[in-house]
Amino acid sequence: MEKIIDENKQGESLILEQKEGNKRKLFIESYGCQMNFSDSEIVASILADQGFNTTQNLEDADLVLVNTCSIRDKAEQTVRKRLEKYNAVKQQHNPHMKVGVLGCMAERLKSKFLEEEKIVDLVVGPDAYKDLPNLLAEVDEGREAINVILSKEETYGDVSPVRLNTNGVTAFVSITRGCDNMCTFCVVPFTRGRERSRDPQSIIEEVNDLWNRGYKEITLLGQNVDSYLWYGGGLKKDFDKASDLQKATAVNFAQLLAMCAEAQPKMRFRFSTSNPQDFTMDVIKTMAEHKNICNYIHLPVQSGSNRILKAMNRLHTREEYIELIDNIKGLIPDCAISQDMIAGFPTETEEDHQDTLSLMEYVKYDFGFMFAYSERPGTLAERKLEDDIPFDVKKRRLNEIIALQQKHSLLRTKAHVGKIEEVLIEKASKRSDAHWSGRNTQNTVVVFPKGNYKVGDFVNVKITDCTSATLIGEAVGYSENN
Ligand code: SAH
Ligand code: F3S
């Protein structure tokens, strides 16, 4: 692989990894969760071996792939609009262009996609990317092709991802696939299949390789990372059937985190996403014991009402969640915590909504990702519950949740002002080319004048000012991690 510096629309320097001698051009874009972005890097790697290099220019592409998200109706609408755009480009500039749909919408809609969207030649679900060479051979011969088979084993642990649109500093490494939780609102268990974990050895190899190539921060990815369990392969739900030896040598998430942190003590580690019901004291202790594991936990709760949590099949109560927060803050006092919330789940009353707001008041989250409930076909909530909260009520509750989060975010960022914090420089600030942008351990964005520092440096920054989303400061020197 050779590295080519490219310019994206914002004028930032992007490094695209390209393979010499490759002739065909792949345009690949991703929507939805970080896992989709990570999966696209696996797809780019598989296609690099088939003679494809990536392009940033749709009009040049021989093959266009869109990695799709089904989590809310709006996410699907966005993808449908992109397909219209590809169609227009194909008609006007590029009649030979082929179009494929990957990811959760491919899995959910299957062959319906080929019927509904004439532009689509290829439909591939999240566990079938290794079949892409065969599927493309079909497409090259003028046939439509589809593989949406979900797998019990596939983790792509043996595929070395091609880093796309990378800043050369931060990277995702996926550690689990699928989800066994069956939250009643969520389409993911249907689109990504049962939960399975990746061989820790292949994870450590990827971590070491990234360090050797200059990367400084890794986010370990899974739908539910705390449920990671390696016992030699196979589904999480079959662990009971494993042999005594397999059980005795199994690796859980806390152990995996420690292995990563110890394999590369100067690399920063983050992880996402955590489900409160699977979050253990061991993980909190492992975080506290390793200073290269960042003090930040994304800990979605969805609602502060016990009745709604139960209807969502979230397997913990409000009180247990609060206890978990107290345990985290007890061992890691400056740990940042972020939430996901859903406003207007079926049957949600004003009282339930007030419970959500009061839970937020208790935790005072650093950040949040907040959504109006969107009914998803095939989920338990869709089959059993009426989507009975009027849109304007959902919207009003959502706005109240967002406003409260903004208040708390500002409160949290203000607490950083006056401190000196370690920041890993990632890129030029979007607002000013004279400033760097990076993040502190809590995952808050920090911007400061560039000085003589460069992307990838760990710098101590004195925080002088803030907004609710960004810290502003001045560098006072390299940090000891540099
Ligand atoms: N474990 C996952 C969570 C998946 S979806 C992860 O790794 O991110 C991300 C968030 O989308 C959820 O936490 C939830 O807040 C929201 N979400 C999921 N399904 C939804 C739906 N049907 N309507 C509205 N929001 C939803
Ligand atoms: Fe979805 Fe719940 Fe899994 S939100 S991804 S079913 S933990």
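Because the structure is predicted, anything quoted here is derived from the model rather than measured.

Observations regarding the sheet that holds strand β19 (residues 420–428)
Reasoning step 1: Here we have five strands rolled up into a closed barrel, ordered β19-β20-β21-β23-β22, and mixed in their pairing. Neighbour to neighbour, the strand axes of the sheet diverge by 55 degrees on average, direction disregarded.

Overview of the confidence of the model for the protein
Any residue range with low pLDDT should be treated as having predicted coordinates unsuitable for detailed reading.
Reasoning step 1: A residue-level look at the protein finds 97% of positions with pLDDT of 70 or above and a mean pLDDT of 94.
Reasoning step 2: Every residue in residues 1–13 scores below 50 in pLDDT, and together they form 31 contacts with partners more than four places removed in sequence or on other chains.

Looking at helix α5 (residues 132–140)
Count 3.6 residues to each turn of an α-helix, and residues three or four apart come out pointing the same way.
Reasoning step 1: Among the residues of α5, Leu132, Leu135, Leu136 and Val139 are the ones counted as buried. The buried side chains of α5 occupy one side of the element, clustering within an arc of 100 degrees when seen end-on.
Reasoning step 2: Downstream of α5 by one or two residues, Gly142 has phi in the positive range, about 90 degrees.

What about the domain arrangement of the protein?
Reasoning step 1: Domain boundaries in the protein define domain 1 (17–147), domain 2 (170–414) and domain 3 (420–478).
Reasoning step 2: For domain 2 versus domain 3, the distance between C-alpha centres works out to 27 Å.
Reasoning step 3: Every contact between the two is made by 17 residues of domain 2 and, on the other side, 17 residues of domain 3.
Reasoning step 4: Buried surface at the junction of domain 2 and domain 3, summed over both partners, amounts to about 1400 Å²; 53% is from carbon and sulfur atoms.

Focus: the site of ligand 1
Reasoning step 1: As a structural note, the neighbourhood of ligand 1 is formed by 14 residues, with Gln223, Thr273, Gln302, Asp340 and Ser374 the closest of them.
Reasoning step 2: Here Phe185 contributes a backbone N or O atom positioned 3.0 Å from a nitrogen atom of ligand 1.
Reasoning step 3: Between ligand 1 and Gln302, the relevant distance is 2.6 Å, taken from an oxygen atom to a side-chain nitrogen or oxygen of the residue.
Reasoning step 4: Across the complex, the protein chains shield 87% of the 540 Å² of accessible surface that ligand 1 would expose by itself.

So, the pairing of strand β21 (residues 445–449)
Reasoning step 1: For strand β20 (residues 435–439) and β21, the ladder comprises five bridges, and the chain directions are antiparallel. Looking across to β21, one finds that His435 is bridged to Pro449.
Reasoning step 2: As judged from the three bridges shared by β21 and strand β23 (residues 470–478), these two strands associate in the parallel manner. Following the sheet pairing, Val445 is matched in β23 by Thr470.

Thoughts on the sheet that holds strand β9 (residues 170–174)
Reasoning step 1: Ordered by their spatial adjacency, three strands build an open sheet running β9-β12-β15, and the pairing between neighbours is parallel. Strands with a single pairing partner mark the edges of an open sheet, and in this sheet they are β9 and β15 (268–272). With strand direction ignored, the average angle separating the axes of adjacent strands in the sheet is 25 degrees.
Reasoning step 2: Where β9 meets strand β12 (residues 217–221), five bridges bridge the pair, whose relative direction is parallel. By the bridge assignment, Ser174 is partnered in β12 with Leu221.
Reasoning step 3: In the packing of helix α7 (residues 200–212) onto the sheet, the strands contacted are β9, β12 and β15, and the crossing angle to β9 comes to about 170 degrees.

Parameters and conventions
- All residue numbers refer to positions counted from 1 along the written sequence of the respective chain.
- All chains are assigned letters beginning with A, and all ligands numbers beginning with 1, in the order in which they are written.
- The predicted origin of the model limits local features to residues at a pLDDT of at least 70 and limits the giving and counting of side-chain atom pairs to 80 or more, whereas totals for whole chains, interfaces and linings rest on all residues.
- Computation of side-chain values covers all heavy atoms of the structure but excludes hydrogens and water.
- At least two bridges found by DSSP between two strands is the condition for calling them paired.
- Strands are runs of DSSP state E lasting at least 2 residues, helices are runs of H or I lasting at least 4, and numbering of each runs from the N terminus.
- Interaxial angles span 0 to 180 degrees and are taken between N-to-C directions of axes, which are lines fitted to C-alpha atoms, for helices over the stretch in contact.
- Values of pLDDT, ranging from 0 to 100, describe the predictor's confidence in every residue of the model.
- We call two residues contacting when some pair of their heavy atoms lies within 4.5 Å.
- Per-residue accessibility, obtained with a 1.4 Å probe over protein chains only, is compared with the maximum for each type, and a residue is labelled buried under 20%, exposed over 50%, and partly exposed between these values.
- Each C-beta atom gives one direction from the helix axis, and the arc is the one those directions make.
- Each domain's extent is set by a domain assignment, obtained either automatically or from a database.
- We define buried area as the total accessible area lost by two parts upon association, computed with a 1.4 Å probe and summed across both.
- A molecule or strand has a residue near it when one of that residue's heavy atoms lies within 4 Å.
- Between N or O atoms, a polar contact is any pair within 3.5 Å; within protein, one atom must be a potential hydrogen donor and the other a potential acceptor, and residues adjacent in sequence are included only when both atoms are from side chains.
- For the area figures, the Shrake-Rupley method with a 1.4 Å probe applies, and any residue is considered shielded solely by the protein chains shown.

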